[in-house]
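Examination of the molecular architecture
Next come the chains, spelled out residue by residue.
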Amino acid sequence: MSESGMNQAPALQFFGRLGRRALCSLEQLGDATRLGAHALSLIVARPWQGKHFILQLYALGVGSLIIIAITGAFTGMVLALQGYYTLAKFGSESLLGAGVALSIIRELGPVLGAFMVIGRAGSSITAEIGIMRVTEQTDALEMMAVNPKQRILLPRIIATAIAVPLLIAIFDVIGIGAGYVVGVELLHVNPGAYVAEMVAKVTMHDIYGGWTKSIVFGFMIGMICTYMGYRSEPTTEGVARATTQAVVIASVGVLIMDYILTSFFL
Amino acid sequence: MIRGENLSKRYGDMQALAPTNIQIREKAITAIMGGSGSGKTTLLRLLSGLEKPSTGHVWFGDEDIAAIPESRLYELREQMGMLFQYSALLNSLNVYDNIAFPLHEHTELDEEVISTIVTMKLEQVGLRGFEELMPSELSGGMAKRVAFARAMSMDPKVVFFDEPTSGLDPISSGVITTLIKDTSDKNHMTSLVVTHDVHAGLSIADHVILLWQGTIIAKGSADDIRNSNDERVQQFLEGRPDGPIPFSRSTTTYLDDITHKPGTVRLEP
């Protein structure tokens, strides 16, 4: 083999590996879309999964409330502190309310709220479904003529798609409220100016943008976390790996989708 | 009632089941026996529709369950029951709810009637009074008995048993074996038992199928199998380590491996 041929081999191998990884990821994306679409198509099939949907909504929504409230409060508080420090340099402290509200509604609420849901609820969805696979409970459901896609996946996807926007709305309200407390009570910004600037600067367009993001993120988290659990290798190690991957993929997915949606709503 | 035609299964490069024709006798107990990795569980999963075959058909009556729509497969499964190797109880439900689960899902029966059926099934498996226990509070033998009761709750026509006695003490094993035999006979069920427990398999089966390396090597009544002249069958029945069925799965020689002969050693540096 010539010298150039020998040098080329590792490069070729690298691109070969890269290509295979890309194809594998594409295949996985197709499989996830197909599985999610299949599960969603079962929404019209009997028996209705209302009870299971409510149970999941409760577990996801109510169970995540405290962490969302804490994250929202501290995000609003630190935004007010940082915003005041910056705005004071330009003598524009009155804009603090608008700055905090816009940052939270447009960006930090949806993204941080989604991250909190992924960490608290998304990982547990993946692990729970994965363990059901390891212990053959999904097979048992199939043999009892209960479709696991309808019983396990569908309620979780729908519950996440609904719970995340609601949680993010709560995050926004608490964040803005906490920002007000720090800005007005601690830093002595004029309360009238704080609220008036916020009302004047925050438009419905900003709220729709944040709202759209939270719906898309919720749906995406549900799809990714259920898929990773359902397709996890039915071993202890496989479930652990799937749970980690679900958190990483969903988090990165949220950031990528956030950029795409922001570029649309800017 | 169930028939596999030219049935085979591959997982990547591995042939788990070679093309096989198999007929499961109606209202009788068929035992599929063989060593670990012989393809028993693969065959069971194919016949129950849990796996799609790589080639061939699985006929349930006159319908190919490998090709019918998912919704129809679920309809047919209302006539089936399955006892899983590790019980597969739904761990969020207690014993009562596990057994009542198929009844809640597929019948319009009053809770009072369901409660009576659950009590009857629990009495049958000797666990009446344990309704409130969660699966995590049960021993392996108890979990298997609850899973048995759940598999029987809809009085299915066909029941699949995947290693029903594995991991059980001799008494629990005997209880499960007797339950399978009695229930199958009384209810005229078609039972398919996958097991490597020679004693249990031969004592209850009307028909025995012996697998080795994904291929059927013997079939017939328990006596036919006991009296078979096939050395492989006799080695399996007697549990002899030496014979035509090798214990070692290695493809290279032991001497080559321990002397680190080039091309044979696969240890990581």
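Description of the structure in this document.

Quick notes on the rules
- Throughout this description, residue numbers start from 1 for each chain and increase along the sequence as written.
- As a convention, the first chain written is A and the first ligand written is 1, with the rest following in written order.
- Note on the predicted model: pLDDT of at least 70 is required for a residue's local features to be given, and 80 or more for side-chain atom pairs to be given and counted; whole-chain, interface and lining totals, by contrast, use all residues.
- The basis for every side-chain value is the complete set of heavy atoms in the structure, and neither hydrogens nor water enter the calculation.
- Counting from the N terminus, the helices are DSSP H or I runs at least four residues long and the strands are E runs at least two residues long.
- Under the scheme applied here, a residue whose accessible area is under 20% of the maximum for its type counts as buried, over 50% as exposed, and between as partly exposed, the area being computed with a 1.4 Å probe on protein chains only.
- Residue contacts are defined here by distance: any two heavy atoms, one from each residue, within 4.5 Å place the two residues in contact.
- Two residue types count as positive, namely Lys and Arg, and two as negative, namely Asp and Glu; His and chain ends fall outside the count.
- A charge is said to be at NZ when it belongs to Lys, at CZ for Arg, at CG for Asp and at CD for Glu.
- Throughout, the radius of gyration refers to the C-alpha atoms, and the reference size of a globule is 2.2 Å times the residue count to the power 0.38.
- Note that accessible areas follow from Shrake-Rupley with a 1.4 Å probe, and for residues the cover is restricted to the protein chains shown.
- Buried area is a sum: the accessible area each of two parts loses on coming together, probed at 1.4 Å, counted once for each and added.
- For salt bridges, the criterion is a side-chain nitrogen of Lys or Arg within 4 Å of an Asp or Glu carboxyl oxygen.
- Pairing of N or O atoms within 3.5 Å defines a polar contact, subject to two protein rules: one partner must be a possible hydrogen donor and the other a possible acceptor, and residues neighboring in sequence count only if both atoms are side-chain atoms.
- Three classes are used: nonpolar for Ala, Val, Leu, Ile, Met, Phe, Trp, Tyr, Cys and Pro, charged for Asp, Glu, Lys and Arg, and polar for all others, with Gly counted as polar.
- Any two strands with at least two DSSP-identified bridges between them are counted as paired.
- The axes are straight lines fitted to the C-alpha atoms, using for helices just the contacting stretch, and the angles between their N-to-C directions are given from 0 to 180°.
- Each angle is binned into one of four classes, with values under 35 degrees roughly parallel, values over 145 roughly antiparallel, values of 65 to 115 roughly perpendicular, and all other values oblique.
- Note: crossing handedness is left-handed where the near helix turns anticlockwise from the far helix by less than a right angle, and right-handed where it turns clockwise.
- Exposure above 30% relative accessible area and the absence of a salt bridge qualify a residue for a patch, where like charges join within 9 Å and nonpolar side chains (Val, Leu, Ile, Met, Phe, Trp, Tyr) within 5 Å.
- What is meant by a nonpolar core is a set of buried Ala, Val, Leu, Ile, Met, Phe, Trp, Tyr and Cys residues, joined one to another through side-chain atoms within 4.5 Å.
- Ring pairs shown here join Phe, Tyr and Trp side chains whose ring centres sit within 6.5 Å, with only the six-membered ring taken for Trp; geometry is labelled stacked below 30 degrees between planes, edge-to-face above 60, and tilted in between.

What follows deals with the overall build of chain A. A tally of helices and strands in chain A yields 8 helices and 0 strands. Secondary structure elements of chain A occur, N-terminal to C-terminal, as α-α-α-α-α-α-α-α. Its C-alpha atoms give chain A principal-axis dimensions of roughly 70 × 65 × 30 Å. Here chain A, with 266 residues, has 45% of them falling under the buried criterion. A fraction of 86% describes how many contacts in chain A between residues 6 or more apart in sequence connect residues 24 or more apart. Separation between the mean location of the 17 positive side-chain charges and that of the 16 negative ones in chain A comes to 6 Å.

This brings us to the overall build of chain B. A count of helical and extended segments in chain B gives 10 helices and 10 strands. For 269 residues, the compact-globule estimate of 2.2 N^0.38 gives 18 Å, and the C-alpha radius of gyration of chain B, at 21 Å, lies within 12% of that figure. Projecting the C-alpha coordinates of chain B onto the three principal axes gives extents of approximately 70 × 45 × 40 Å. Expressed as a percentage of its 269 residues, the buried residues of chain B come to 50%. Restricting the contact set of chain B to residue pairs at least 6 apart, pairs at least 24 apart contribute 63%. Approximately 13,300 Å² of chain B is accessible, and the part contributed by carbon and sulfur atoms is 52%. Side chains of chain B give 25 positive and 37 negative charges; the mean places of these two sets differ by 6 Å.

So, on to the interface of chain A and chain B. A common way to state how big an interface is: give the accessible area lost once the parts meet. Listed as interface residues are 17 residues of chain A and, on the opposing side, 22 residues of chain B. Across the interface of chain A and chain B, roughly 1,700 Å² is buried in total on both sides, 57% from carbon and sulfur atoms. At the boundary of chain A and chain B, one finds 4 salt bridges. Among the ionic pairs, Glu105 of chain B bridges to Arg151 of chain A, the shortest N-O distance being 2.7 Å. Connecting chain A to chain B are 9 residue pairs in polar contact (both at pLDDT 80 or more). Elements supplying a minimum of two residues to the side of chain A that touches chain B: helix 4 (137–143) and helix 5 (148–186) of chain A. At 6 residues, the largest contribution of residues to the side of chain A that touches chain B is made by helix 4 of chain A. Counted by class, the side of chain A that touches chain B contains 8 nonpolar, 4 polar and 5 charged residues.

Our next topic: the pairing of strand 4 (residues 55–60) of chain B. Residue and element names in this part refer to chain B. Summarising the sheet, strand 1 (residues 2–11) and strand 4 pair through 5 bridges and their orientation is antiparallel. Each bridged residue has a counterpart across the sheet, and for Arg3 the counterpart in strand 4 is Trp59. The hairpin formed by strand 4 and strand 5 (residues 63–64) contains 2 residues between the paired strands, and Gly61 there has a positive phi angle of roughly 65°.

Residues and elements named next belong to chain B. Two numbers describe how helix 3 (residues 95–106) lies on helix 4 (residues 111–124): the axes approach to 10 Å, and their chain directions differ by 120°. Accordingly, the angle class assigned to the pair helix 3 and helix 4 is oblique. Crossing of helix 3 against helix 4: the hand is right-handed. Packed against helix 3, whose contacting residues are Val95, Tyr96, Ile99, Ala100, Leu103 and His104, the element helix 4 presents Glu111, Ile114, Ser115, Ile117, Val118, Lys121 and Leu122 at the interface. In terms of residue class, the contact of helix 3 with helix 4 is built from 9 nonpolar, 2 polar and 2 charged.

Residue and element names in this part refer to chain A. Taken together, the side chains of Tyr58, Val62, Leu65, Ile66, Ile70, Phe74 and Ile170 make up a nonpolar region of the molecular surface, amounting to roughly 680 Å² of accessible area. At 6 residues, helix 2 (residues 50–89) tops the list of elements feeding residues into the nonpolar patch. In this structure, Val62 sits in helix 2. Look at Val62 and you get partly exposed, because its relative accessible area is 41%.

Core analysis: the largest hydrophobic core is formed by 85 residues, its most contacted members being Ile2, Ile32, Leu43, Leu47 and Phe160 of chain B. Looking at which element gives the most residues to this core, the answer is helix 3 (residues 96–134) of chain A, with 13 residues. When residues no more than four places from it in sequence are discounted, the contact partners of Leu47 of chain B are Ile2, Gly4, Leu7, Ile22, Ile24, Val58, Ile65, Phe160 and Leu192 of chain B. In terms of nonpolar packing, the next biggest core, distinct from the first, is built from 31 residues, Ile29, Leu103, Ile114 and Met152 of chain B among them.

Okay, the pattern of salt bridges next. Overall, the coordinates contain 23 salt bridges over all chains when judged by the stated rule. The closest approach of N and O atoms between Glu233 of chain A and Arg241 of chain A, which form a salt bridge, is 2.9 Å. Here Arg3 of chain B and Glu5 of chain B are joined by a salt bridge, their closest N and O atoms 3.2 Å apart. Classification of Glu5 of chain B as partly exposed rests on a relative accessible area of 30%. Salt bridges linked by common partners bring Asp139 of chain A together with Lys9, Arg45 and Glu51 of chain B together as one network.

Residues and elements named next belong to chain B. Even without being a glycine, Asn6 presents a positive backbone phi close to 50°. Mapping Asn6 onto the fold places it in strand 1. You will see that Asp155, though not glycine, has its phi angle at about 45°, which is positive. One can find Asp155 in the loop between helix 5 (140–152) and strand 7 (158–162).

Before going further, it helps to examine the packing of aromatic side chains. All names here are of chain A. Tallied over the entire structure, the rule returns 4 aromatic pairs over all chains. When the centroid spacing of 5.3 Å and the interplanar angle of 85° are considered together, the rings of Tyr180 and Tyr194 count as edge-to-face. You can see Tyr180 sitting in helix 5 and its partner Tyr194 sitting in helix 6 (residues 191–201), a full 14 residues away along the chain. With a centroid separation of 6.5 Å and 35° between ring planes, the pair formed by Tyr208 and Trp211 is classed as tilted. On the criterion of helical spacing, the pair formed by Tyr208 and Trp211 is a turn pair, its members being 3 residues apart in helix 7 (residues 204–230).

With that settled, the discussion passes to the pairing of strand 9 (residues 207–212) of chain B. Residue and element names in this part refer to chain B. Along strand 9, 5 of the 6 residues are buried, which leaves the element largely enclosed by surrounding structure. Direction of pairing for strand 3 (residues 29–34) relative to strand 9: parallel, over a ladder of 5 bridges. Looking across to strand 9, one finds that Ala31 is bridged to Val208. With 5 bridges connecting them, strand 9 and strand 10 (residues 215–220) associate as antiparallel partners. Of the residues in strand 10, the one forming a bridge with Val208 is Gly220.

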